[in-house]
Amino acid sequence: EEIIFSNEQCFNMIINNSDNAIFVVSDNKLVFANKKTAELLGAENAEDIIGLDIETIMVKEFRDSAYWRINNAIFNKGSAPFTESKLLRLDGQIID
């Protein structure tokens, strides 16, 4: 049990201190976001964006391809191929 707790702490430290934005979506809502995601979206901290509807940060032109990738990953029980996309900051500015 102590080893599991130690591994979870290590995992959380790596994810939360990553230079990459990492977030998890469930039922079209952000359910996890690391510090870099919050910074990228213009939030003060990750807690401020948890529960956000994913469409509020998706540029309209990329929504169909994003939903295709999400559904493909779910259907194939794996990950979707990496692709570049544009997102919206909370202030409406496009992240290219």
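Residues numbered from 1 in each chain as written. Predicted model: local features only at pLDDT ≥ 70, side-chain atom pairs only at ≥ 80, totals over all residues. Heavy atoms only, no water.

Run through the overall build of the chain, naming residues and quoting values.
A tally of regular secondary structure across the chain gives three helices and four strands. Along the chain direction, N to C, the helices and strands of the chain fall in the order α-β-β-α-α-β-β. With the C-alpha coordinates of the chain rotated into their principal frame, the extents come out at 45 × 35 × 20 Å. Relative to all contacts within the chain whose residues are 6 or more apart in sequence, the contacts with residues 24 or more apart total 30%. (Helix = DSSP H or I, 4+ residues; strand = E, 2+ residues; numbered from the N terminus. Contact = heavy atoms within 4.5 Å.)

Before we move on, can you summarise the side chain of Ser 18 with the specific residues and values?
Along the chain, Ser 18 falls in the loop between helix H1 (2-16) and strand S1 (23-26). A distance of 3.0 Å separates a polar side-chain atom of Ser 18 from the backbone nitrogen of Asn 20. In this view, Ser 18 contacts Asn 34 and Lys 36; residues no more than four positions away in its chain are not counted. (Polar contact = N/O pair within 3.5 Å; in protein donor to acceptor, adjacent residues only side chain to side chain.)

Residues and numbers for the environment of Lys 29, please.
By secondary structure assignment, the location of Lys 29 is in strand S2 (residues 29-33). Separated by 24 residues in sequence, Lys 29 and Asp 53 have C-alpha atoms that sit 4.5 Å apart. Excluding anything up to four places from it in sequence, Lys 29 contacts Val 24, Gly 51, Leu 52 and Asp 53.

How would you explain the pattern of salt bridges if you had to name every residue and give the values?
Within the structure shown, the criterion is met by four salt bridges. In this structure, Glu 39 engages Lys 36 in a salt bridge whose closest nitrogen and oxygen atoms are separated by 3.3 Å. Linking Glu 39 with Lys 36, this pair stays in helix H2 (residues 35-41), spanning three residues, or about one helical turn. Between Arg 89 and Asp 91 there is a salt bridge, and its shortest N-O distance comes to 3.6 Å. Residue Arg 89 is classed as partly exposed on the basis of its relative accessible area of 24%. (Salt bridge = Lys/Arg side-chain N within 4 Å of Asp/Glu carboxyl O. Buried < 20%, exposed > 50% of the residue type's maximum accessible area, 1.4 Å probe, protein only.)

Provide a residue-level description of the nonpolar core, including the pertinent values.
With 14 residues, the main nonpolar core has Leu 30, Ala 38, Leu 41, Ile 49, Ile 54, Ile 57 and Met 58 as its most contacted residues. Looking at this core, the elements with two or more residues in it are S2, H2 and helix H3 (60-75). Excluding its chain neighbours within four sequence positions, the residues that come into contact with Ala 38 are Ala 43, Asn 45, Ala 46 and Ile 49. (Core = buried A, V, L, I, M, F, W, Y, C linked by side-chain atoms within 4.5 Å.)

Which residues make up unusual backbone geometry, and what are the values?
The residue Asp 27 is not glycine, and still its phi comes out positive at about 50 degrees. You can see Asp 27 is positioned in the loop between S1 and S2.

Give a description of the pairing of S2 that names residues and reports values.
Here S1 runs beside S2; their pairing, made up of four bridges, is antiparallel. Considered in S2, the bridge of Ser 26 is made with Lys 29. Between the end of S1 and the start of S2, which pair antiparallel, lie two residues, with Asp 27 showing a positive phi angle near 50 degrees. (Pairing = 2+ DSSP bridges.)

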